[in-house]
Amino acid sequence: MTGTTQVRAQVAAAVALLLFGLFICWQSTQLKVGSPTSPGPGLFPLGLGCTLSILAIVLIVQARMGSATKAPSEDESPADYRTIALVLGLLLISALLFEPLGYLLTMTILTGALLRLAGRGWASTLLITVISVLASYWLFKDALGVPLPQGILGELL
Amino acid sequence: MDVLQSLMGGFAVALTAQNLLFCCVGVVLGTLIGVLPGIGPAAGIGVLIPLTFTMDVVGALIMLAGIYYGAMYGGSTTSILINVPGEAASVVTSLEGYQMAKQGRAGPALGIAAIGSFVGGTASIVGLMLLAPFLVTVALSFGPHEYFSLMLLGITMVSYLGSRSLTKALAMAALGLILSTVGQDPVSGARRFTFGRLELLDGIGFVPAVIGLFAIGEILYNLRQAQSVQVLETKIKNLWPTREDLARSRGAILRGTFVGFLLGVLPGAGAVISTFVSYTIERRLSKHPERFGHGAIEGVAGPETANNAATGGAMVPLLSLGVPCSPVTAVMLGAFILHGVLPGPRLMEQRPDLFWGLVASMYIGNVMLLILNLPLVGFWASLLRLPYNILWPLITLFTMVGGYTVDNRSSDLLIVVLFGLLGYLMRELDFPTAPVVLALVLGPMMESSFRQSMILSEGSLVGFFTRPISATLLVIAAALVLGPLFLRLAGSRARPLAELTGGQD
């Protein structure tokens, strides 16, 4: 990231934290804050929300003054945000599909997709996916006795 | 002697076939986690906790502890051989270790790393054995004020020592504390920040959060650069350091043991920082400092001893006081809790078999690791021939499953993904992750201590300062936060170790 993009990113992050802190403060007042002699459920979060908000303001100031920027790191090549976004998307989808589709199907799709993203060829992807998904299924379900969702496959078989 | 008798009892527990097996599995997994870049002991322990549910608590802890100190052995392997640290506590080892490998001296480097790790690890267990019972007697006079102040100091220290920006670290700690309040308040039953979602009633599970933050976050961040294939080129010839190597390393190992143990016990410091301190000490004390940066074996011996000594030290506050002071010990506390056991002074009284069994197992584990890491280092090295682009998808697979197995809820998987995104953003924007984890685990305890303290002092905050122990702890914490501020106003810039460390433990 260039200098100014970095500063903007830092400010954005600090603003996000500020908004979150204020949100928490607001929500905490909806709970019973209680009094110092008998603290209620809202007291601790309220104090924390205020603390976070104050720290966030300090961060905004620091970011604008430039003292919060990271020293230029070794990454000369542009960051591969596309891959990161794709991986996150895949993880999200697997999280949502895990129970409906079941372990075997979901993890096969996930592992296969990740290996392809990682640059493996079709043959090696297929081989590694099959071995690792089956091995892990056996390991968790039979060796360790962990219940895993069967999903659609369970109903078909 | 009382201690020896208890220790014998501990060996009786640790030497059962089952516990020996768990110990072995733990140290092997730990070495593996240490060797593999992209996953560290905190995430590794987090992923494996659910798998210990069917085990009894002693065996589970033996195994999880084995992962912790085992990782400190394994991390040096990748640092030395391919200049990629297996985890944060081995970063410093690569400075001299990789240089030695380039000179064809990978063998002695690995050898001295293993020897130093063994000495540091074993000595720190002796320290743990002697210090913990003493601290327990001190802790029996601890009330809620003292516990709150100690936890606050721990969080402050982790923030101060582990990050370039104290403000960012404290903000992350506050964030972690806020996230720990999500769910049903145990005292009043009120629902906090659940927004009507049933799954949030129990709060944000710390295991999925740790897995997401540390494992997934790290993997995502490593994807920034196109993957370069690691090629292991160096052949490992004779493992044994020469007589000269041993002579040079003796002092470093001795100093590393003390430095590591002390920094391990200290709240907030830990294995990573101890390696930097040890390296700096060795360089300052050396009669030939120009050798550093070109394969000075003391630069391997000292830090590797220190990071293992720090693991024993870190167990001291966890086991004797029940207060973890680093992310890894925070995760271990979570493991205790999930097994229905609370470490601390009462545990030493009620279940001495647990403490002494664990201590004895750590001695045994270190011996196992010495064997694993000397003759068998070739096996670990061959793992490094596996390309990273096979490793990271598989690690992702295992961590996702790990997140599910805690409670068999797919909502936990969503937490893993969300915290993974958070972890990635934090690394991208240079926010430290360690304070979040520590705060997430300590949050509930801190809040209940705070509320109890307020009730006891009848609403007065002065209570924290009239009690001597609590006051001391709070003053130290305040000094850490306000100190740099004053120094900056006075003109000098206070940027100590924080500049060198990267944050994670």
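A few words on the overall build of chain A. Check the secondary structure of chain A and you find six helices and two strands. Reading the helices (α) and strands (β) of chain A from amino to carboxyl end gives α-β-β-α-α-α-α-α. Counting across all 157 residues of chain A, residues that qualify as buried make up 30%.

Moving on, we get to the overall build of chain B. For chain B, the helix and strand inventory stands at 21 helices and two strands. What you see for chain B is a C-alpha radius of gyration of 22 Å, in line with the 23 Å of a compact globule of 505 residues. Seen through its C-alpha atoms, chain B measures out along the principal axes to roughly 65 × 60 × 45 Å. Relative to its full complement of 505 residues, chain B shows a buried share of 63%. The long-range share in chain B, meaning contacts at least 24 apart out of those at least 6 apart in sequence, stands at 80%.

Take the interface of chain B and chain A next. At the junction of the two partners, chain B supplies 52 residues and chain A supplies 58 residues. For the side of chain B that touches chain A, the elements supplying multiple residues, two or more each, are α8 (166–180), α17 (388–405), α18 (410–428) and α19 (434–456) of chain B. With twelve residues, α17 of chain B is the single largest residue contributor to the side of chain B that touches chain A. Classifying every residue of the side of chain B that touches chain A by side-chain character gives 30 nonpolar, 14 polar and eight charged.

What follows concerns the nonpolar core. Among soluble globular proteins, nonpolar side chains are generally buried collectively. Residues I45, L64 and V210 of chain B are the most contacted members of the largest nonpolar core, which totals 210 residues. Examining the composition of this core, we find that 17 residues originate from one element, helix α6 (residues 106–139) of chain B, more than from any other. Counting only domains with at least three residues in this core, you end up with domain 1 (3–65) and domain 2 (81–156) of chain A. If we ignore the near neighbours within four places in the chain, the residues touching I45 of chain B are L64, I67, Y68, V328, V331, M332 and A335 of chain B.

So, on to helix α2 (residues 43–65) of chain A. With 23 residues, α2 of chain A ought to run about 33 Å at 1.5 Å a step, and its terminal C-alpha atoms sit 33 Å apart, in line with that. Taken together, the buried positions of α2 of chain A are occupied by L43, F44, P45, L46, L48, G49, L52, S53, L55, A56, L59 and A63 of chain A.

As a further point, take the domain arrangement of chain A. Taken as a whole, chain A is organised into domain 1 (3–65) and domain 2 (81–156). Using only C-alpha atoms to locate each centre, domain 1 of chain A and domain 2 of chain A end up separated by 38 Å.

This next bit is on the confidence of the model for chain B. Residues and elements named next belong to chain B. On average, residues of chain B carry a pLDDT of 84, and 93% of them reach 70 or more. Per-element confidence in chain B ranges from a low mean pLDDT of 78 for helix α16 (residues 377–383) to a high of 93 for α8. Here the prediction assigns the complex a pTM of 0.84, and the interface score ipTM is 0.89.

Our focus in this paragraph is the packing of helix α5 (residues 93–102) of chain B against α6 of chain B. All names here are of chain B. Contact geometry for α5 and α6: axes closest at 7 Å, N-to-C directions at 145°. Taken together, the residues of α6 that come into contact with α5 (itself represented by T93, G97, M100 and A101) are A106, P108, A109 and A113. Of the residues assigned to the contact of α5 with α6, the class counts are six nonpolar, two polar and no charged.

Before going further, it helps to spend a moment on the environment of I80 of chain B. Residue and element names in this part refer to chain B. Relative to the assigned elements, I80 resides in helix α4 (residues 57–82). I80 gets classed as buried once you count the C-beta atoms within 10 Å, which come to 32. In this structure, I80 is in contact with T93, S94, G97, Y98, M100, A101, A106, A109, L110 and A113, ignoring residues within four places of it in sequence.

Scoring rules and cut-offs
Residues numbered from 1 in each chain as written. Chains lettered and ligands numbered in written order. Predicted model: local features only at pLDDT ≥ 70, side-chain atom pairs only at ≥ 80, totals over all residues. Helix = DSSP H or I, 4+ residues; strand = E, 2+ residues; numbered from the N terminus. Buried ≥ 20, exposed ≤ 12 C-beta atoms within 10 Å, placed from the backbone. Rg over C-alpha atoms; globule rule 2.2 N^0.38 Å. Contact = placed C-beta atoms within 7 Å. Nonpolar A, V, L, I, M, F, W, Y, C, P; charged D, E, K, R; others polar. Core = buried A, V, L, I, M, F, W, Y, C linked by C-beta atoms within 7 Å. Domains from an automatic or database assignment. Expected span 1.5 Å × (residues − 1). pLDDT = per-residue confidence, 0-100. Axes fitted to C-alpha atoms, helices over the stretch in contact; angles between N-to-C directions.

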